[in-house]
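Breakdown of the fold
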Amino acid sequence: DESRSYSRSKMEELSALHGDANFTNAYAVAAKTVLSTSAESSHELISEAALMAQVRAHPNLVSIIGVVTAGYPKVLVISYCAQGSVVKVLTNAAARGDRFHVADKLKMVIDVAHGMAHLGNMHLIHRDLAARNVLVGDGVCKVADFGLSRDGACKHAADDEGQANKPRLTES
C-alpha cells in the first residue's frame, strides 16, 4: 500500500525527478489548507485527509492525492475540478444568460446521488452536502469537503420497549 503522506522535501524531490519546478503541472491537483494556525484546525484537516484516504475511489467523489503534514500550513492535496463548485457553475451560467436544461440539472443530481450512495455504502455520513461542496470537473459533479463527515456505522439507540428507534410520522 503506497503512502499518501509526503513531506515538503519529498514533494520537492518528486518535482526535481519530474524535471519541472512546478510539480502540479504533471498532474492537475487542488490544495486545501487551513487559514487558522490553531492546532485544532490542523487536526481537523488531517482528520479529513484520513477519512478521505479510507474511501474507495468513485467518479462522483473528489479523490485525495496526498497530504503534507510537516510544517505549516498543513496541505490536503485533492483532485482538481476545473469548473469549481456547482454554485460557481450556476452563477457563471446565469451571468452569461445561459440556461441549464432539465437534462443537465438531472445529470448533476444523479452524479451527486451516486457519490452520496457510495459514501452511504461505506457507512459514512457527509453532514454538509451543499452546492458549495459539490465540485464540477469535465462535466462530472463530485462530492467534496469531507470535513464534517462521520462514520455512521453505529448501533441504533433502543427505546423504552427495547425496539430500535426508527423515524416516525407524527401528526401536528
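Refer to the structure printed above.
Residues numbered from 1 in each chain as written. Predicted model: local features only at pLDDT ≥ 70, side-chain atom pairs only at ≥ 80, totals over all residues. Heavy atoms only, no water.

**Things to note about the sheet that holds strand β4 (residues 84–85)**
For clarity, the cut-off: Only strands that DSSP links by at least two bridges are regarded as paired with each other. Each helix is a run of DSSP H or I of at least 4 residues and each strand a run of E of at least 2, with the numbering of both proceeding from the N terminus. Throughout, a residue-residue contact means that at least one pair of heavy atoms, one from each residue, lies within 4.5 Å. Lines are fitted to the C-alpha atoms to define the axes, a helix being fitted only along its stretch in contact, and any angle between axes, read from their N-to-C directions, falls within 0 to 180 degrees.
Taken together, three strands build an open sheet; the order of strands is β4-β6-β7 and the sheet is antiparallel. Edge positions in the sheet fall to β4 and β7 (140–143), since each of these pairs with one other strand and no more. Of the strand pairs in this sheet, β4 and strand β6 (residues 134–137) are connected by two bridges, and their pairing is antiparallel. In the sheet register, S85 faces β6, and the bridge partner there is L135. Relative to β7, helix α4 (residues 102–121) is tilted by about 35°, and along the sheet it contacts β6 and β7.

**A few points about the side chain of D128**
Heads up, the condition is: Whenever two N or O atoms come within 3.5 Å, that pair is a polar contact, provided that in protein one can donate a hydrogen and the other can accept it, and provided that, for residues adjacent in sequence, both atoms are side-chain atoms.
Mapping D128 onto the fold places it in the loop between β5 (124–125) and β6. Of the polar contacts made by the side chain of D128, one reaches the side chain of R132; its length is 2.8 Å.

**Topic: the nonpolar core**
The cut-off we apply is this: Buried Ala, Val, Leu, Ile, Met, Phe, Trp, Tyr and Cys residues form a nonpolar core when they are joined through side-chain atoms within 4.5 Å. We call a residue buried when its accessible area falls under 20% of the maximum for its residue type, exposed when it is over 50%, and partly exposed in between, using a 1.4 Å probe and counting protein chains only.
Among the nonpolar cores identified, the biggest contains 27 residues, and M52, V62, L76 and C141 are the most heavily contacted of them. Sorting the residues of this core by element identifies α2 (39–54), β2 (64–68), β3 (75–79), α3 (86–96), α4, β6 and β7 as the ones contributing at least two each. Sorting elements by how many residues they give to this core places α2 first, with four residues. Apart from residues lying up to four places away in sequence, C141 is in contact with P59, N60, V86, M108, D111, V112, V134, L135 and V136.

**Some points on the pairing of β7**
Relative to β7, β6 runs antiparallel, the two sharing four bridges. Its bridge partner lying in β7, L135 is registered against K142. Joining the antiparallel neighbours β6 and β7 is a turn of two residues, in which D138 adopts a positive phi near 55°.

**Looking at α3**
Spelled out, the test is: Note: the arc covers the axis-to-C-beta directions of the helix.
The set of residues buried in α3 consists of V86, V89 and A93. The buried residues of α3 occupy one face: seen down the axis, they fall within an arc of 65°. Summarising the geometry of α3, the exposed residues directed more than 90 degrees from the buried face are A94 and A95. Buried residues belonging to α3 abut β4, α4, β6 and β7.

**As for the pattern of salt bridges**
Cut-off, in case you're wondering: We count a salt bridge whenever a side-chain nitrogen from Lys or Arg sits within 4 Å of a carboxyl oxygen from Asp or Glu.
Applying the stated criterion to the full structure yields five salt bridges. The residue D98 makes a salt bridge to R96 at a minimum N-O spacing of 2.8 Å. For D98, a relative accessible area of 40% gives the class partly exposed. On the accessibility criterion, R96 (55% relative accessible area) is exposed. Between R132 and D128 there is a salt bridge whose closest N-O contact spans 2.8 Å. Given the relative accessible area of 18%, D128 is considered buried.

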